[in-house]
Amino acid sequence: MSIKLTMRFRYLLEDLLDLENRSRIKTEKLIQDSEGNLPISRLKKGHQIVALSRAIRVLIDQKMEDEAEILLTLLEEKGVILPGR
């Protein structure tokens, strides 16, 4: 893996952490506002985004960029757009 590619992933770490925080906040707000009528699919998607983001950050820290790239693709398939990508 080239140094340039590794540096590109390093810039994504901050975006991923921000994504995790925003997803958690949004999920918590959905739960509070739902009054027991929360669509499970929306709750599930929020948890999946947080889990994928956390896994990508761990893979980048472990210098496993190829695996991180695969999970980034899955994250994009969920509709997430990262500015550093």
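Residue positions are given per chain, counting from 1 as you read along its sequence in written order. Two thresholds apply to this predicted model, a pLDDT of at least 70 for residue-level local features and 80 or more for giving and counting side-chain atom pairs, whereas whole-chain, interface and lining totals are computed over all residues. Note: side-chain values were computed over all heavy atoms of the structure, leaving out hydrogens and water.

(A) Up close: the overall build of the protein. Here a strand is any run of E in DSSP of at least two residues, a helix any run of H or I of at least four, and the numbering for each starts at the N terminus. In terms of helices and strands, the protein carries three helices and zero strands. Exposure categories follow from relative accessible area, calculated using a 1.4 Å probe and restricted to protein chains: below 20% of the type maximum is buried, above 50% is exposed, and the middle band is partly exposed. Within the protein, the fraction of its 85 residues that count as buried is 32%. In what follows, residue pairs with any heavy atoms lying within 4.5 Å of each other are defined as contacts. Across the protein, contacts joining residues at least 24 apart in sequence account for 64% of those joining residues at least 6 apart. Of the roughly 5900 Å² of accessible surface on the protein, a fraction of 57% belongs to carbon and sulfur atoms. The method behind every accessible area is Shrake-Rupley, applied with a 1.4 Å probe, and residues are considered shielded solely by the protein chains displayed.

(B) Structural detail: the side chain of threonine 27. Note on placement: threonine 27 falls in helix α1 (residues 3-34). Residue threonine 27 is classed as buried on the basis of its relative accessible area of 9%. With near-sequence residues (within four places) excluded, threonine 27 lies in contact with Leu43, Gly46 and His47.

(C) Focus on helix α3 (residues 65-77). One less than the number of residues in a helix, times 1.5 Å, gives the span that helix is expected to have. In this model α3 runs 18 Å from its N-terminal to its C-terminal C-alpha over 13 residues, within 8% of the 18 Å that 1.5 Å per residue would give. The positive-phi residue at the C-terminal boundary of α3 is glycine 79, with phi of around 95°.

So yeah, pure geometry; function would need other evidence.
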